[in-house]
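Here's the letter readout for the chains.
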Amino acid sequence: MRFVVLTLFPELFDTFRNHGMIHRAVELQKISVQTIQIRGFAEGRHQVTDDRPYGGGPGMVMKPEPIAGALRAAIMTVPDARKIHLTPQGRPFSNTLARQLAKEKDLILLCGRYEGIDERICRNFIDDEISIGDYILTGGELAAMVVIDAVSRFIPGVLGCADSPEDDSFSDRLLEHAHYTRPSEFEGEPVPEVLLSGDHGRIEQWRLQSSLIRTFIKRKDLLLKHALTSEELKILKSWHKEIQFIIDFQQKEQKAFKRE
Ligand code: 4GX
């Protein structure tokens, strides 16, 4: 997949492009990350890319002509690309959306600065608006990197063969289980015994319990969002029973205390 990024700060993508998994994916020619300097399409000696908003008010708005020029140049190199604008007003980005975007041929990512871009660009040139979250960045570049990074993981051959991208059903429902590596004891804390047992059935069971308990503690909302498997429900019910036992025991004891 070719990612073509339209930005006023193309240098921001240099370190991103040249390190880690993204670097490897570029070297393997699974992806490319090309930038187009929007300023290169601005007219006049000063190549101005922003202007005061019609109707008044604070801040500046990105002029439409340089963006249109940059978009047309991008379309020349990647004619079948989906054209995405990064904005807090967009569709919430997620692993599910990343997986869908990974099926596209190429992506054009438009990064705005200032208060945003002229509405006529959004309406006539853009296929999709995406937000990476409910906060305001100083520009769309970090959001574009987030999208490129998460989408690339779903492109075949980008991840090492050891780790594979999560499949639809499992990954977006529960948090990952806890992970441990050597040493088997670190600053007095041992690795859970079951993980050293070599019993793959018990290990899988422990990992599922670990996923469920972390999701319950950190992200209860996820447990109401998707259907649980019968195995997951069984674990929840077993906790329910144990918790009920503790409550019953405590209540019985409290009465015994009062009688003393
Ligand atoms: N997820 N930003 C866009 C300029 C802007 C301002 C207002 C439209 C309306 C962001 C995010 C994000 C900062 C990118 C403001 N555009 N992008 N930019 N959150 O905060 O994607």
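What this report covers is the structure whose coordinates are included nearby. Because the structure is predicted, anything quoted here is derived from the model rather than measured.

1. Brief notes about the nonpolar core
For step 1, the next point in the chain: Judged by nonpolar contacts, the single largest core of 30 residues is most densely connected at Phe3, Phe13, Phe93, Leu101, Leu109 and Val151.
For step 2, the next point in the chain: Mapped onto this core, the elements with two or more residues apiece are strand 1 (2-7), helix 1 (12-17), helix 2 (20-27), strand 5 (82-92), helix 4 (95-101), strand 6 (106-111) and helix 6 (141-152).
For step 3, the next point in the chain: No other element matches the seven residues that helix 6 contributes to this core.
For step 4, the next point in the chain: Grouped together as the second largest cluster of nonpolar side chains are 20 residues, Val78, Ala81, Phe125 and Ile126 included.

2. Observations regarding unusual backbone geometry
For step 1, the next point in the chain: Of note, the bond from Arg182 into Pro183 is cis; its omega dihedral lies within 30 degrees of zero at 5 degrees.
For step 2, the next point in the chain: Within the secondary structure, Pro183 sits in the loop between helix 7 (168-171) and strand 8 (185-186).
For step 3, the next point in the chain: Within the chain, Tyr114 stands out as a residue other than glycine whose phi angle is a positive 55 degrees.
For step 4, the next point in the chain: Secondary-structure assignment places Tyr114 in the loop between strand 6 and helix 5 (119-125).
For step 5, the next point in the chain: Positive phi, normally seen in glycine, also occurs at Glu187, with a value near 45 degrees.
For step 6, the next point in the chain: Its place among the elements puts Glu187 in the loop between strand 8 and strand 9 (189-190).

3. Here we look at helix 8 (residues 200-218)
For step 1, the next point in the chain: The end-to-end C-alpha separation of helix 8 is 26 Å, in line with the 27 Å expected for 19 residues at 1.5 Å each.
For step 2, the next point in the chain: Buried residues along helix 8 sit against helix 9 (222-225) and helix 10 (230-259).
For step 3, the next point in the chain: The opening residue of helix 8, the one whose side-chain oxygen lies 3.2 Å from the backbone nitrogen of Gly201, is Asp199.

4. Comments concerning the sheet that holds strand 2 (residues 32-37)
For step 1, the next point in the chain: Pairing in this open sheet of five strands is parallel, and the strands run 2-1-6-5-7 from one edge to the other. Each edge of the open sheet is held by one strand with a lone partner, namely strand 2 and strand 7 (128-131). Each strand axis lies, on average, 35 degrees off the axis of its neighbour in the sheet, ignoring direction.
For step 2, the next point in the chain: The sheet contact formed by strand 1 and strand 6 spans five bridges and is parallel. Looking at strand 6, one finds that Val4 is bridged to Ile108.
For step 3, the next point in the chain: Relative to strand 1, helix 3 (residues 64-77) is tilted by about 165 degrees, and along the sheet it contacts strand 1, strand 2, strand 5 and strand 6.

5. Topic: the site of the ligand
For step 1, the next point in the chain: Taken together, 18 residues are adjacent to the ligand, and Glu115, Ile132, Gly133, Tyr135 and Leu137 come closest.
For step 2, the next point in the chain: Between Ile132 and the ligand, the recorded distance is 2.9 Å, taken from a backbone N or O atom to a nitrogen atom.
For step 3, the next point in the chain: Taking Gly133, its main chain carries an N or O atom lying 3.1 Å from a nitrogen atom of the ligand.
For step 4, the next point in the chain: Relative to its unbound accessible area of 460 Å², the ligand is 92% covered by the protein chains.
For step 5, the next point in the chain: Mapped onto the shell around the ligand, the elements with two or more residues apiece are strand 5 and strand 7.
For step 6, the next point in the chain: Ranked by residue count, the leading element in the shell around the ligand is strand 5, at four residues.

What counts as what
Residues numbered from 1 in each chain as written. Predicted model: local features only at pLDDT ≥ 70, side-chain atom pairs only at ≥ 80, totals over all residues. Heavy atoms only, no water. Core = buried A, V, L, I, M, F, W, Y, C linked by side-chain atoms within 4.5 Å. Buried < 20%, exposed > 50% of the residue type's maximum accessible area, 1.4 Å probe, protein only. Helix = DSSP H or I, 4+ residues; strand = E, 2+ residues; numbered from the N terminus. Expected span 1.5 Å × (residues − 1). Contact = heavy atoms within 4.5 Å. Polar contact = N/O pair within 3.5 Å; in protein donor to acceptor, adjacent residues only side chain to side chain. Pairing = 2+ DSSP bridges. Axes fitted to C-alpha atoms, helices over the stretch in contact; angles between N-to-C directions. Near = heavy atom within 4 Å. Areas by Shrake-Rupley, 256 points an atom, 1.4 Å probe, with all protein chains shown as cover.

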